[in-house]
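# Reading the structure
Listed below, chain by chain, are the residues.
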Amino acid sequence: MTTKSAAAAARATVYGYPRQGRNRELKKAVEGYWKGRVTADALRATAAELRRTNWLRLADAGIDEVPTGDFSYYDHVLDSTVMVGAIPERHRSAVTRNALDGYFAMARGTQEVAPLEMTKWFDTNYHYLVPELGPDTAFTADSAKQVGELKEALALGLTARPVLVGPVTYLLLAKPAPGVPADFDPLTLLDRLLPVYAEVLADLRAAGAEWVQLDEPALVQDRTAAELNAAERAYRDLGGLADRPKLLVASYFDRLGEALPMLAKAPVDGLALDFTGAAAANLDTLASVGGLPGKRLVAGVVNGRNVWVNDLAASLSTLGTLLGLADRVDVSASCSLLHVPLDTAAERDIEPQILRWLAFAEQKTAEVVTLTRGLARGTDAIAADLAANRADLASRTRSPVTRDPAVRARASAVTETDARRSQPYAERAAAQRAHLGLPVLPTTTIGSFPQTGQLRAARADLRAGRIDTAGYEERIRAEIQEIISFQEKTGIDVLVHGEPERNDMVQYFAEQLTGYLATRHGWVQSYGTRYVRPPILAGDISRPEPMTVRWITYAQSLTSRPVKGMLTGPVTMLAWSFVRDDQPLGDTARQVALALRDEVNDLEAAGTSVIQVDEPALRETLPLRGADRAGYLDWATEAFRLTTSGVRPDTQVHTHMCYAEFGDIVQAIDDLDADVISLEAARSHMQVARELAAHGYPREAGPGVYDIHSPRVPSTDEAAELLRTGLRAIPAERLWVNPDCGLKTRAWPETRASLEHLVAAARTIRDELSRS
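In this report, we go over the structure that sits alongside the text.

Cut-offs applied
Numbering of residues starts from 1 in each chain and follows the order in which that chain's sequence is written. Only residues with pLDDT of 70 or above have their local features reported here, since the model is predicted, and side-chain atom pairs are shown and tallied only from 80 upward, although totals for entire chains, interfaces and linings are computed over all residues. As a convention, hydrogens and water are excluded, and side-chain values are obtained from all of the structure's heavy atoms. Any two strands are treated as partners once DSSP identifies two or more bridges connecting them. Helix and strand assignments follow DSSP, with helices taken as H or I runs no shorter than four residues and strands as E runs no shorter than two, numbered in order from the N terminus. Inter-axis angles, ranging from 0 to 180 degrees, are taken between N-to-C directions of lines fitted to C-alpha atoms, where helices are fitted over the stretch in contact. Contact criterion: two residues are considered in contact whenever any of their non-hydrogen atoms come within 4.5 Å of each other. The cut-offs work like this: below 35 degrees is roughly parallel, past 145 is roughly antiparallel, 65 to 115 is roughly perpendicular, and the gaps in between are oblique. By definition, any crossing whose near helix is turned counterclockwise from its far helix by less than a right angle is left-handed, and any crossing with a clockwise turn is right-handed. Residues are grouped as follows: nonpolar covers Ala, Val, Leu, Ile, Met, Phe, Trp, Tyr, Cys and Pro; charged covers Asp, Glu, Lys and Arg; every other residue, Gly included, is treated as polar. Expected helix span is given by 1.5 Å per residue-to-residue step, counting one fewer step than there are residues. Paired rings are identified among Phe, Tyr and Trp, the last through its six-membered ring, by centres lying within 6.5 Å, and are further divided according to the angle between planes into stacked (under 30 degrees), edge-to-face (over 60) and tilted (the rest). Summary of the burial criterion: residues with accessible area below 20% of their type's maximum are buried, those above 50% are exposed, and those between are partly exposed, where the area comes from a 1.4 Å probe applied to protein chains only. Lysine and arginine charges are scored as sitting over a ring when NZ or CZ, respectively, is within 6 Å of the ring centre and within 35 degrees of the ring normal.

Our next topic: the sheet that holds strand S17 (residues 610–614). On the basis of which strands lie adjacent, the open sheet formed by five strands has the order S16-S17-S18-S19-S20 and parallel pairing. Edge positions in the open sheet fall to strand S16 (565–568) and strand S20 (700–703), since each of these has one partner strand only. Geometrically, the sheet is characterised by an average inter-axis angle of 20° between neighbouring strands, direction not taken into account. Summarising the sheet, S16 and S17 pair through four bridges and their orientation is parallel. Across the sheet, the residue bridging to Met566 is Gln612, located in S17. Across the face of the sheet, helix H24 (residues 585–605) comes into contact with S16 and S17 while running at roughly 180° to S16.

See below:
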């Protein structure tokens, strides 16, 4: 095929689309089902209508080939677990009784059975349910969901491409099941899994699929020769099937590197590659291996993870180069649009000119269609679009919103000493023990308490003018009083004020810092039915006035026990925002750190003795390639220390991390120089405690004993057993007792019972220690 005909044949497509609906209809339907207010049939009907709406919206926008199978009630990796029949033994009876309830039991757990472990999807803030596999795992094909959704799209007269998690990535994401030796490698199950994928592919072909996309993002990470050989074998076998649709193997989030030559030679029909950010290196690698002669290339040139408008001229240049490297070049976003909000048109509070700098899922879809038209027909066909795009890019560059000379001067003046505590940890620890007077195994919580319907209603009433600021603040004071009273009665040692005034741990601060934009409807799925509105970090950052001091000081006035000051750390402020792409991340992190440093110092000056700076995203934001990690960790740990290093030795600095794999960043955790760290550990059975011990971590730690992402209430005995496991790794004088994460999403009845059991477990273990 000639270059000219390849361009003329170009088609527009995307890998996936936001699931929730314009008004989060899916969230409401699923949570209604959990509460018994929505029937299973009504939930399925809502889901079917959302899928139909998405496909027709994509088709109307000009997308030539819509994705199917990307929709999920909870998580697409969990859907893959169902598809291959890898149901954990403890969930099988629930799935047999009622498939939908069993599905949610795997996601959330029940009072009788624990859920699957949850962790971050590569370096995003999306969470997936970790498959549990062992040498006895027997896979069986269940393609009902994938076939059913394909048929729905085909019935609308659309060209559709099913999207599945690829077999290699599925196994690389998995962990040994409970009771299976920790050194078991799920990838050894590949030969057992491939026939199941072959059966699913045959079912999809029989249902009308011309193409099927197999997502293999795990191949953009550093992989061993054995792992790459396994991937080569997988696609040699799947590509060699006689009864199969055409196969499109997709990767995203980074460059493929050494996996790209292998996939280019595999007997598959096309590759879908990311060409944004660090993944732009895929272009040179693709050229070095001679391109994809005889194959389809889907070029991800629109960034699917950030919200800034595409540089159309630059993307067209990339596409033009790619035309010489494949027989057919189609245009797409770099990954599923699941990771961005739905539509900028819903944002009425952002200045129109600034809004033109932004592209959510609908706008990114339009960019893909525009680029496809430009590729197929030439730049004259999109001349007006290119001119408007140049104007928008120039407007952003020139805007005073993006640059503040005073902020830049302060950041440039930072020295190495500014990011170091005045005394080493051992001396600080002695001062803090004397100052705080805490018992062995001190109990605390992570920060937030349940955000009740009454609290959300109060915020809505304030926005709508139904109550004034004084009335709203009276409700907040009453909530803080109740939270402090409950913690005192329960016997918790270090209290929190519960954060009733906060809408979100990042958004709350972003709304009070210069340089940030807030959205009203920019919802993005974090996990299950948990949706967040990431703020948009558009310009230089500063703190005009204190953000938390007033409420922390009020809470402290209600008790003689220490109340933690609660802040979100600089790395998490970046990771859980849509961050600016016009300067290095480290520069932005330093600006945020300096703003937070002012808040930390003001909290201490107001009498706060314990200050927690949460960094749950430190591991999440770790680059996928090892070669890129040292530079990231240098600026990330410096930003945390810059935030916290200005306090006295007897002020105790905490940090918190959750729902990620921490083993490969233990040194970075050490480099934060926090006095206490709390981490998720309940679902992983204290794995992180063992990792800290193996590293020789010298500070205090609180591996969680209460999984807050499940509605089940852990018993006192269960929490005590986890503490005993923790004590085998961390000595009692350095071990804290706390939940995995904040309690914002939980209800009060389960929170009360769980924390009472947590405190009782700590007392039980204290008694055991005193007798030993």
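On a regular strand, each side chain points to the face opposite its neighbour's, so the side chains alternate between the two faces of the sheet. Relative to strand S14 (residues 530–532), strand S13 (residues 524–527) runs antiparallel, the two sharing three bridges. Its bridge partner lying in S14, Gln525 is registered against Tyr531.

Next up on the list: the packing of helix H20 (residues 469–490) against helix H22 (residues 549–556). Interhelical geometry of H20 versus H22 gives an angle of 45° and a closest axis separation of 10 Å. Classified by the interaxial angle, the pair formed by H20 and H22 is oblique. Pair H20 / H22 crosses with right-handed handedness. Contacts between H20 and H22 involve Glu473, Ile476, Arg477, Ile480, Gln481 and Ile484 from the former and Arg550, Trp551, Tyr554 and Ala555 from the latter. Looking at the contact of H20 with H22 residue by residue, the class counts come to six nonpolar, one polar and three charged.

Before going further, it helps to examine helix H9 (residues 190–206). With 17 residues, H9 extends 24 Å between its outermost C-alpha atoms, agreeing within 8% with the 24 Å of an ideal straight helix rising 1.5 Å per residue. A positive phi of about 115° marks Gly208, the residue just after H9.

Turning next to the packing of aromatic side chains. In this structure the tally under the stated criterion is 16 aromatic pairs. Residues Tyr103 and Phe104 carry aromatic rings whose centres are separated by 5.4 Å and whose planes lie at 75° to one another, so their mutual orientation is edge-to-face. Tyr103 gets classed as buried once you look at its relative accessible area, which sits at 7%. Between Tyr508 and Phe509, the ring centres sit 5.3 Å apart and the planes meet at 85°, which makes this aromatic pair edge-to-face. The pair formed by Tyr508 and Phe509 is uniform in burial state, with each residue classed as buried. The residue whose ring lies beneath Arg51 is Phe71, and the NZ or CZ to ring-centre distance is 5.1 Å. Just above the ring of Trp551 sits the side chain of Arg550; from NZ or CZ to the centre is 4.8 Å.

Taken in spatial order, the seven strands of this open sheet run S1-S5-S7-S8-S9-S10-S11, and their pairing is parallel. With one partner strand each, in any of the chains shown, strand S1 (66–68) and strand S11 (326–333) form the two edges of the open sheet. Each strand axis lies, on average, 25° off the axis of its neighbour in the sheet, ignoring direction. In this structure, strand S8 (residues 246–250) lies alongside strand S9 (residues 270–274), joined through three bridges in parallel fashion.

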